[in-house]
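Structural characterization, general
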Amino acid sequence: MRIGVDYYPEHWDKSLWEQDADLMAKTGVRLVRMAEFAWSRMEPKDGVFDFGWLDEVIRLFADRGISVVLGTPTACPPLWFYEKYPDAVMVDRDGQRIRTGIRGHRCINHPEFRRYARRIVEHMARHYAGNKAVAAWQIDNELEAYHCFCDRCADSFRGWLKEKYSTVEALNRAYGNVVWSGEYSSWNQVQPPFGHYPDAWMNPALMLDYNRFASENVIRFSSWQASLIRRQCPGVPVTTNTWFCEHMPDFYQEFKDLDFVAYDNYPPTRLPEDPEACVSHAFHLDLMRGVKRAPFWIMEQLSGGPGCWMPMCRMPSPGMIRGYALQAFAHGADTVLFFRWRTASIGAEMHWHGLLDHSNVPGRRFTEFANLCTTAKSLAFLQGSEIKASVAILFSFDNEYAFKIQPQTEGYYYFEQLQRVHRACMELGLNVDVVSEKEDFSGYRVVIAPEMYVTDPAVSGRLHTFARQGGTVILTARSGVKDIHNNAVMSPLPGVYRDMAGASVAEYNPIGRDQIPLIGADGQAYRGTQWCDILEPEGAETLVRYDGDYYRGSAAVTRNRFDRGLVYYIGTVGDEALYRRILMDAAGDAGLEVYPDLPPLVEVTTRTTADKVCCFVFNHSPEPRSVTIRGETLSLEPFEMKIITRNP
Ligand code: GLA
Ligand code: ZN
């Protein structure tokens, strides 16, 4: 298990480089990421390249046994480039060119930008080909599915649509453009969703396609860079560092062309008021592992208090630096790099804290980091280990986009719905993979398919087969609602899932932030919020009913035997206890081992090697906790992780 740091030698006086390399080596740092924003130093003038300074730093690291990750600097073209090509700057929804002097503001479809990007990437990759210190490449930085509204990008969108629909008539049909006289009679009339109208005024079918286009567009850009790098510098793995931003590219497609997944992980330093929200980054980690179903890297990990995009936040409390990194290992990371070695003393990010403060005196956080480096070394035996999960949660980018386009009710957010079921799995110590709905999920025992909103017939078909063959499926409200174009399906909900669920939705009620009491068949009380599907069982048994409002007594949660399998349908957004109960039952049906007595905010995950099962027990809470696992009692300090190993 490797620990690394993100480093910006171009920000510091040369006299610090050697000191830094010495301290890194002494501390146990094994990897350093550099150069992802340093275009103006690597190509100070058009066509004039200078890698001398970078060679020198890389040599300092290599001499001390430290490898490097090199970032292509395409998020930050130098200002001399924009001076020549002012129209290579992105255009916002209102048609205004955004400003230079920030980062990530280039239009990735601009041919001159592509030409210059190609040149710097090829120069860099050629220059470092064969350099044994280079362990990996990072493409750009935190690529998003950019929404650039320049003419070129609008044309590119039209081209994408032409390929998909061939004729405007087919496009009109798919989008239902008859509404508000939106029918196209020529391709020129097709526009991306411009302007500062609320998204709600736009055609949801157009919006979904636009999101798909934006995702494919940036993925083409990253695949293109990967191929440039591989041609010049073969044999070195290529990735990009991703994160959960407003416009996420489809990670499953994005990383198909890349060698491993890398993710930027910043768990909150201020614990959320709602203690359950503490565990949400466990969900993020499981999602990242599920992208390639393989070990992944954290390319940037919390090192100090955040604070440049907002006023300064709390510093990580004692235990967080170490605990959150070990938690990443527990969820399948095998390399964690900390953002950043030093806190910047210049530029916009000077209040986003690194491991070393402005004082340049290693302090509490640094000591904890050094201690982590020692622990990581002792975990070498985990390299190549697997996380075996019998439970999967399905994730869909179509749904991610579609729910953002049309929020269903106050407080209802797709990610959060997934997190609710994920949290219940965590509370029971169940390993869980978050995987693409497009993946083959036949090897799992329980498949949780929340909010299967936009219907891909191939996916619903596979879910049917999975259940018929004996799997347990958990479905929730807002499933089977839309067709693949994001138009509403005209049949009783949950549409294509009705037969599996053995129930249909007689009526629904989006109750927003209101709450509704629920009552289990055994008398147990729960609470629902946000959404109520008033269910009519058609063969399914009723597990939980509404206990209030005009539908008191109607079914809220059902379970149906479907051929050899079982299908749960959760028609409301429940409290923690409800999901816990359903997951307990589903795990019981499937014969899975659970840890029902974990104290709140203690997480248990397992990684399996050829001859060991390693159980990671992590205390998420700011309080000490005591926990008994298979007869062994452990005491955990706040944010402490303990690892127990046993034979398989
Ligand atoms: C992101 C970026 C970094 C830096 C950090 C902190 O993760 O990738 O370059 O900006 O945020 O702000
Ligand atoms: Zn553009």
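Here, the structure is the one placed above.
On a predicted model such as this, the values are computed, not experimentally measured, just so you know.

1. Considering the site of ligand 1
Close to ligand 1 lie Phe37, Arg103, Asn141, Glu142, Asp264, Tyr266, Glu300, Trp309, Phe339, Glu349 and Trp352. In the model, an oxygen atom of ligand 1 is placed 2.9 Å from a nitrogen or oxygen of the Asn141 side chain. Between Glu142 and ligand 1, the recorded distance is 2.6 Å, taken from a side-chain N or O atom to an oxygen atom. Contact with the protein chains covers 96% of the free accessible surface of ligand 1, which is 300 Å². In the shell around ligand 1, the residues fall into 5 nonpolar, 1 polar and 5 charged.

2. Points about the nonpolar core
Core analysis: the largest hydrophobic core is formed by 205 residues, its most contacted members being Trp137, Leu287 and Phe369. The element contributing the most residues to this core is helix H8 (residues 204-232), with 14 residues. Listed in part, the 11 residues of the second largest apolar core include Tyr595, Val617, Val627 and Ile629.

3. Details of unusual backbone geometry
Following Phe339, the chain continues to Arg340 via a peptide bond in cis, the omega torsion being 5°. Summarising the element assignment, Arg340 is placed in the loop between strand S9 (333-339) and helix H12 (364-378). In this structure, the amide linkage connecting Leu493 to the following residue, Pro494, adopts the cis form with an omega of 5°. Residue position: Pro494 is located in the loop between strand S13 (472-476) and helix H16 (498-501). Of note in this structure, Ala35 is not a glycine but carries a positive phi near 80°. Mapped onto the elements, Ala35 comes out in the loop between strand S2 (31-34) and helix H2 (39-42). Of note, Asp549 is a non-glycine position whose phi angle comes to about 65°, a positive value.

4. Things to note about the side chain of Asp456
Here Asp456 shows up in the loop between strand S12 (446-449) and helix H15 (457-468). Asp456 has contacts with Lys438 and Ile484, leaving out every residue within four places of it along the chain.

5. Some thoughts on the pattern of salt bridges
Inspection of every chain in the model, using the stated rule, returns 38 salt bridges. Here Lys438 makes a salt bridge to Glu437, at a shortest N to O gap of 3.0 Å. A residue is classified by how much of its surface remains accessible, and Glu437, at 3% relative accessible area, is buried. Taken together, the shared-partner salt bridges connect Asp6, Arg33, Glu36 and Glu300 into one network.

6. A short note on empty space enclosed by the protein
In the structure shown here, the tally under the stated rule is 3 cavities of 30 Å³ or more. Together, Tyr412, Gln417, Val421, Pro450, Glu451, Thr476, Ala477, Ile570, Thr572, Val573 and Tyr579 line the largest cavity. For the lining of the largest cavity, the secondary-structure elements that each account for two or more residues are helix H14 (414-427) and strand S19 (572-574). Along the lines of polarity and charge, the residues of the lining of the largest cavity split into 7 nonpolar, 3 polar and 1 charged. Taken together, Met90, Arg106, Ile108, Asn109, Tyr146, Cys148, Cys153, Tyr210, Phe213 and Asn217 make up the full set of residues lining the second largest cavity. In terms of residue count, H8 provides more of the lining of the second largest cavity than any other element does, 3 residues in total. For the lining of the second largest cavity, the per-class residue count stands at 7 nonpolar, 2 polar and 1 charged.

7. Some thoughts on the packing of helix H11 (residues 320-330) against H12
Their axes nearest at 8 Å, the elements H11 and H12 cross at an angle of 30°. Taken together, the axis directions place H11 and H12 in an arrangement best described as roughly parallel. Facing Met320, Ile321, Arg322, Ala325, Leu326 and Phe329 of H11, the residues of H12 in contact are Arg365, Glu368, Phe369, Asn371, Leu372, Thr375 and Ala376. Residue classes in the contact of H11 with H12 are distributed as 8 nonpolar, 2 polar and 3 charged.

8. A look at helix H13 (residues 397-405)
For H13, the tally of buried residues reaches 8 of 9 residues, placing the bulk of the element in the interior. Those residues of H13 that sit buried are Phe397, Asp398, Asn399, Glu400, Tyr401, Ala402, Phe403 and Ile405. Along its buried surface, H13 packs onto H8, helix H9 (251-254), strand S10 (391-395) and H14.

9. Some points on the pairing of strand S16 (residues 541-546)
A regular strand carries its side chains on alternate faces of the sheet. Sheet topology places strand S14 (residues 503-520) next to S16; 3 bridges connect them, and they run antiparallel. Residue pairing across strands places Gly520 opposite Val544, the latter belonging to S16. Relative to strand S17 (residues 555-562), S16 runs antiparallel, the two being bridged by 4 bridges. Bridge pairing in S17 places Val544 opposite Val557.

10. Thoughts on a nonpolar patch on the surface
Together, Val178, Val179, Trp180, Tyr197 and Trp201 make up a nonpolar patch on the protein surface, roughly 690 Å² of accessible area in all. Turning to its location among the elements, Val179 is positioned in the loop between helix H7 (168-175) and H8.

11. Some words on the coordination of the zinc ion (ligand 2)
Octahedral six-donor coordination of a metal ideally yields angles of 90 or 180 degrees, compared with 109.5 degrees for tetrahedral four-donor coordination. Protein coordination of the zinc ion (ligand 2) is provided by Cys107 (SG), Cys148 (SG), Cys150 (SG) and Cys153 (SG), with donor distances spanning 2.2 to 2.3 Å. Here Cys107 falls in the buried class, since its relative accessible area comes to 1%. Judged by its relative accessible area of 5%, Cys148 is buried.

12. Quick word on the sheet that holds strand S24 (residues 641-646)
Pairing in this open sheet of 3 strands is antiparallel, and the strands run S20-S21-S24 from one edge to the other. Both outer strands of the open sheet, strand S20 (602-608) and S24, are each paired with one neighbouring strand and no more. Neighbour-to-neighbour, the strand axes of the sheet open up by a mean angle of 20°, direction not taken into account. Summarising the sheet, S20 and strand S21 (residues 613-619) pair through 7 bridges and their orientation is antiparallel. Each residue of the ladder has a partner; that of Thr605, found in S21, is Phe616.

What counts and what doesn't
Residues numbered from 1 in each chain as written. Chains lettered and ligands numbered in written order. Predicted model: local features only at pLDDT ≥ 70, side-chain atom pairs only at ≥ 80, totals over all residues. Heavy atoms only, no water. Near = heavy atom within 4 Å. Polar contact = N/O pair within 3.5 Å; in protein donor to acceptor, adjacent residues only side chain to side chain. Areas by Shrake-Rupley, 256 points an atom, 1.4 Å probe, with all protein chains shown as cover. Nonpolar A, V, L, I, M, F, W, Y, C, P; charged D, E, K, R; others polar. Core = buried A, V, L, I, M, F, W, Y, C linked by side-chain atoms within 4.5 Å. Buried < 20%, exposed > 50% of the residue type's maximum accessible area, 1.4 Å probe, protein only. Helix = DSSP H or I, 4+ residues; strand = E, 2+ residues; numbered from the N terminus. Contact = heavy atoms within 4.5 Å. Salt bridge = Lys/Arg side-chain N within 4 Å of Asp/Glu carboxyl O. 1 Å grid on protein atoms, 1.4 Å probe; cavity = no way out; pocket = protein on both sides within 12 Å on 5 of 7 lines; lining within 4 Å. Points joined across faces, edges and corners; volume = space filled by probe spheres on them. Axes fitted to C-alpha atoms, helices over the stretch in contact; angles between N-to-C directions. Parallel < 35°, antiparallel > 145°, perpendicular 65-115°, else oblique. Pairing = 2+ DSSP bridges. Patch = residues over 30% accessible without salt bridge, like charges linked within 9 Å, V, L, I, M, F, W, Y side chains within 5 Å. Donors = N, O, S within 2.8 Å, 3.2 Å for Na, K, Ca; no water.

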